[in-house]
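Below, each chain spelled out in residue letters.
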Amino acid sequence: YKGKTYYREYNNASIEKVALYGDFYYETENITSKYINVILENGRIENVFKDEGYGDFYISNDRFFFRGVQNKLYSVNMKGEDYKEICKGYYLRCDEQNNEIYYINILDHNSMYKINTQNLKISKVAEEIVGTPYFYEDKIYYFESDEEQDTKILEYNMTAKTTQEIATIKHNEKPDDVYYYV
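We now turn to the structure provided with this report. (Residues numbered from 1 in each chain as written. Predicted model: local features only at pLDDT ≥ 70, side-chain atom pairs only at ≥ 80, totals over all residues. Heavy atoms only, no water.)

Examining the packing of aromatic side chains
Scanning all chains against the criterion turns up 12 aromatic pairs. Centre to centre, the rings of Y58 and Y91 are 5.9 Å apart; their planes meet at 85°, and the pair counts as edge-to-face. Residue Y58 is located in strand β4 (residues 54-60), and its partner Y91 is located in strand β7 (residues 84-95); the two are separated by 33 residues in the primary sequence. Summarising the burial analysis for this pair, Y58 and Y91 share the class buried. On the basis of an interplanar angle of 25° and a centroid distance of 5.2 Å, the ring pair of Y74 and Y83 is categorised as stacked. By the ring-pair criterion, three or more aromatic residues cluster together here, those being Y6, F49, F57, F64, F66, Y74 and Y83. (Phe/Tyr/Trp six-rings, centres within 6.5 Å; stacked < 30°, edge-to-face > 60°. Helix = DSSP H or I, 4+ residues; strand = E, 2+ residues; numbered from the N terminus. Buried < 20%, exposed > 50% of the residue type's maximum accessible area, 1.4 Å probe, protein only.)

Written out as structure tokens, the structure reads:
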């Protein structure tokens, strides 16, 4: 970001102790503080601030966007100050061209939202997402469904800000065990 590389410095307490097939996960309940570091252009490493988040993070418009304890999404400025809570969920993608970050709000029936990184304004993109959305170029493909309705396959265009239905799977045609993949 602006000629510098930022990363989170994990410690022994950051990773779960038990792993299936060697797939270790981030500790998400008993989270300890970790440094957010920057690698400067000359190769020097500096501690910027301490943070208790985990997983991927984004930087946009001089703000960090993190995920923390119990999947809480939040943002801070470049000094780790000016904390703004967003919701409980997980980030999907940063659209730097349009200054937006897309995320799933797990407390709103897995609805997909976007946050404008310039003014922190939040807008709902889609309701009740099923499965994991798929991103391709400037489009997001996803499913909307509930047990009593048909399942729709939808495409959201991040540039045009439009949604179109691609296909519908009729409720009476769905098998008992349905797995959603795009």
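Section: the sheet that holds strand β13 (residues 151-157)
By definition, the strands of a sheet pair up through backbone hydrogen bonds, in either a parallel or an antiparallel sense. Strands sit in the order β11-β12-β13-β14 across an open sheet of 4 strands; the sheet is antiparallel. Only two strands of the sheet have a single neighbouring strand rather than two, namely β11 (129-136) and β14 (162-169). Between one strand axis and the next, the sheet turns by 20° as a mean value, whatever way the strands run. With 6 bridges joining them, strand β12 (residues 139-144) and β13 adopt antiparallel strand pairing. Directly across from Y142, in β13, lies its bridge partner L154. (Pairing = 2+ DSSP bridges. Axes fitted to C-alpha atoms, helices over the stretch in contact; angles between N-to-C directions.)

Topic: the pattern of salt bridges
For the structure on display, the rule yields 10 salt bridges. D62 serves as the salt-bridge partner of K2, at 2.9 Å between the closest nitrogen and oxygen. Highlighted residues: K2 in the segment before β1 (5-9) and D62 in the loop between β4 and β5 (63-67), separated in sequence by 60 residues. Among the salt bridges present, the one from D138 reaches K139, with a minimum N-O distance of 3.2 Å. The class for D138 is partly exposed, based on a relative accessible area of 24%. (Salt bridge = Lys/Arg side-chain N within 4 Å of Asp/Glu carboxyl O.)

Some words on the environment of Y58
Separated by 57 residues in the primary sequence, Y58 and Y1 place their C-alpha atoms 9.7 Å from one another. Ignoring anything within four residues of it in the chain, the contact list for Y58 reads R63, F64, F65, Y91, L92, R93, C94 and I101. (Contact = heavy atoms within 4.5 Å.)

Side note on the sheet that holds strand β9 (residues 111-116)
Read from one edge of the open sheet, 7 strands run β4-β5-β6-β7-β8-β9-β10, paired in antiparallel fashion. Pairing within the sheet leaves two strands with one partner each, and these edge strands are β4 and β10 (122-126). Across the sheet, the mean angle from the axis of one strand to that of its neighbour is 40°, orientation sign disregarded. Summarising the sheet, strand β8 (residues 100-105) and β9 pair through 6 bridges and their orientation is antiparallel. Residue pairing for β9: I101 is matched across the bridge by I115.

Quick look at the nonpolar core
In terms of nonpolar packing, the biggest core is built from 13 residues, with Y102, M112, I140, Y142 and Y156 touching the most fellow members. When contributions to this core are tallied by element, the ones reaching two or more residues are β8, β10, β11, β12 and β13. Apart from the residues within four sequence positions on either side, Y156 is in contact with Y102, K114, V125, D138, K139, I140, Y142, K161, T162 and T163. Formed by 12 residues, the second largest nonpolar core is a distinct cluster that contains Y6, I36, F57 and M78. (Core = buried A, V, L, I, M, F, W, Y, C linked by side-chain atoms within 4.5 Å.)

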